[in-house]
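If you want the building blocks of each chain, they are given just below.
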Amino acid sequence: MLAGENFSALTAADLADGRDRALANRLITTALRRQGQLNFIIHALLDKGMPGKSGTFEAVLRLSLAQLVFLPDLGAHSALFLAVEAVKRDPKARHLAGLTNAVLRSAQANSAKFSMLSDDLLIPETFGDTWLEAYGEEAIAGFSGALLAGAPLDLTLKDTDSDLIDSLGAEPVIADTVRIEQRDRPVEALPGYSEGRWWVQDTASAIPARLLGLAAGSRVLDLCAAPGGKTAQLIKAGYQVTALDSDARRMERLKENLTRLDYSAELVTADAGTYAPTSPYKGVLLDAPCSATGTFRRHPEVVWHRSVADVAGRVRLQRALLSNAFRCLDAGGVLIYCVCSLEPAEGESQVEWALQNLPGLELWPVEKTELAGLESAVTDKGLVRTHPGMAPGGRDGGMDGFFVARFRRR
Ligand SMILES: C[S@@+](CC[C@H](N)C(=O)[O-])C[C@H]1O[C@@H](n2cnc3c(N)ncnc32)[C@H](O)[C@@H]1O
């Protein structure tokens, strides 16, 4: 889980006892959020580096170091004892039980020093330098804070109802987004879930669909639509929606989500790079696949798993999808391009590329008045750039890093 796969919170099916689940989630999220500092500690304590082919050794070590150094309230004894026991039980790691004990004892002796390590270590250089240049020092300090704090739960409401908001223990953020700071139960057990009265969607992710600005009833194509957060918003706005995604399993989830919300759309499973509609659309929303670095509050592992080459690959794919999105657009139609990435290469630079390479496409700048409560996210050029250090509607808890551009076809 720590070495390569994406992190997803443990669910009831994995651990039956809620307290065990909470403890496991706390340990794992701490190890993932503090990965940069743990890398530093491991480098300092393992003279010969991480041993190869050692089964669960690295995962056990990271979890135990996270507990020893950053979660002192859990006690050192269990971290040390259980780590050595876990390593002994793994035939591929067993030979490293002595090393595990020695490294953890040394970490324990130095835990005061290690717990004061700089937050600058939390964001890898791969992204840190670009982000510093793009967003400045103050924003970057906010990024580290947001990475450690994690994300509250944001919902988009189907209908605004103050009784529902109260019963959810939520607070309004901007537009029809509300925020639950502390959640004491699974999403499915929250009021209004089974009645389809809201859907989970980060504040930033809910911005693009609101900017389409077309008349109700207009035909709109939602490209890369699954699992359907933006599709639901487009339907709520009264558009006649075609939702397209190339991933059949994710399209199933989209279908389930729309069914729960009692919403309907035309569903198409196809490649957004080659899809050719029978007639062009008045609006196209392209939520392009991207590095997803803007989601690091919820997926702290993304910043460690993405490389510069990954970003370059996404940039090429986004250009192919943008070109076809443009082909699907009617004259006078509106195109929204968005990504949940903090990389200017996937955002601001793609706008320059599109304006140079798609003749007839022009920018339709977003006005600050269109983003009440988040005016600072609208740039001088009328693009939208959010990042995790921002406070939408003045609320704590940050928001995903998102980029949105709005175009019109002449
Ligand atoms: C950022 S997610 C979309 C989130 C979605 N718009 C929402 O608001 O819930 C990106 C989606 O792009 C889809 N995708 C990736 N490559 C694609 C392609 N060539 N054609 C169509 N969909 C693609 C993925 O399956 C994924 O569902």
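Not measured: the values here are computed from a predicted model. Throughout this description, residue numbers start from 1 for each chain and increase along the sequence as written. Totals for whole chains, interfaces and linings use all residues, but because this is a predicted model, local features are given only for residues with pLDDT of at least 70 and pairs of side-chain atoms are given and counted only at 80 or more.

Some remarks on the pairing of strand β3 (residues 177–180)
Here, any two strands with at least 2 DSSP bridges between them count as paired. Numbering of helices and strands runs from the N terminus; a helix is a DSSP stretch of H or I covering at least four residues, while a strand is a stretch of E covering at least two. Pairing of strand β1 (residues 153–157) with β3 involves 4 bridges; the strand directions are antiparallel. Paired with Leu153 across the bridge in β3 is Ile180. Alignment of strand β2 (residues 171–172) against β3, held across 2 bridges, turns out to be antiparallel. When the sheet's bridge partners are listed, Pro172 is paired in β3 with Val178. As consecutive antiparallel partners, β2 and β3 are separated by 4 residues, and within that stretch Ala175 has a phi angle of approximately 45 degrees, a positive value.

Observations concerning the nonpolar core
Ranked by size, the top nonpolar core spans 81 residues in total, and within it Leu223, Val284, Leu285, Leu286, Ala325, Leu335 and Ile336 carry the most contacts. With 7 residues, strand β9 (residues 329–339) is the largest single contributor of residues to this core. In this structure, Leu38, Phe57, Leu65 and Val69 belong to the second largest nonpolar core, which totals 23 residues. The term nonpolar core refers to a group of buried residues, namely Ala, Val, Leu, Ile, Met, Phe, Trp, Tyr and Cys, whose C-beta atoms join them within 7 Å. Three exposure classes are used. Buried residues have 20 or more other C-beta atoms within 10 Å of their own C-beta, exposed residues have 12 or fewer, and partly exposed residues fall in between, all C-beta atoms being placed from the backbone.

Some words on the environment of Ala109
Within the secondary structure, Ala109 is located in helix α5 (residues 97–109). For the pair Ala109 and Val69, spaced 40 residues apart in sequence, the C-alpha to C-alpha distance is 9.9 Å.

Examining the confidence of the model for the protein chain
Looking at the protein chain, the pLDDT average stands at 95 and 97% of residues meet or exceed 70. Considering only residues more than four positions removed or in separate chains, one finds that residues 1–6, a stretch of pLDDT under 50, has 11 contacts. Listed scores for the predicted complex are pTM 0.94 and ipTM 0.99. Values of pLDDT, which run from 0 to 100, indicate the predictor's confidence residue by residue. Placing a C-beta atom from the backbone of each residue, one calls two residues in contact when those atoms lie within 7 Å.

Some thoughts on the site of the ligand
We call a residue near a molecule or strand when its C-beta atom, built from the backbone, sits within 6 Å of it. Around the ligand, the structure places 16 residues, and the nearest of them are Cys224, Ser246, Asp247, Ala272 and Asp287. Charged residues are taken to be Asp, Glu, Lys and Arg, nonpolar residues to be Ala, Val, Leu, Ile, Met, Phe, Trp, Tyr, Cys and Pro, and polar residues to be all remaining types, Gly included. Looking at the shell around the ligand, its residues break down into 6 nonpolar, 4 polar and 6 charged.

Let's talk about the UniProt feature "binding site: S-adenosyl-L-methionine" (unreviewed entry) in the protein chain
UniProt positions are given in the numbering used here, feature names are shortened, and annotations may be inferred rather than shown by experiment. The sites that carry the UniProt feature "binding site: S-adenosyl-L-methionine" (unreviewed entry) are, in the present numbering, Cys224, Ala225, Ala226, Pro227, Gly228, Gly229, Lys230, Asp245, Asp271 and Asp287. Mapping Gly228 onto the fold places it in the loop between β5 (219–223) and α11 (229–236). Under the C-beta neighbour-count criterion, Gly228 is labelled buried, with 28 such atoms within 10 Å. Look past the residues within four positions of Gly228 in its chain and what remains in contact with it is Ala243, Leu254, Asn257 and Leu258.

Digging into the sheet that holds β3
In space, the 4 strands of this open sheet follow the order β2-β3-β1-β4, with antiparallel pairing throughout. A single partner strand is all that each edge strand has here, and the edge strands are β2 and β4 (198–200).

Some details on helix α2 (residues 35–45)
Within α2 the residues assigned to the buried category are Gln35, Gly36, Gln37, Leu38 and Ile41. Those residues of α2 that are buried lie in contact with α1 (18–33), α3 (57–70), α5, α6 (111–115) and α13 (302–305).

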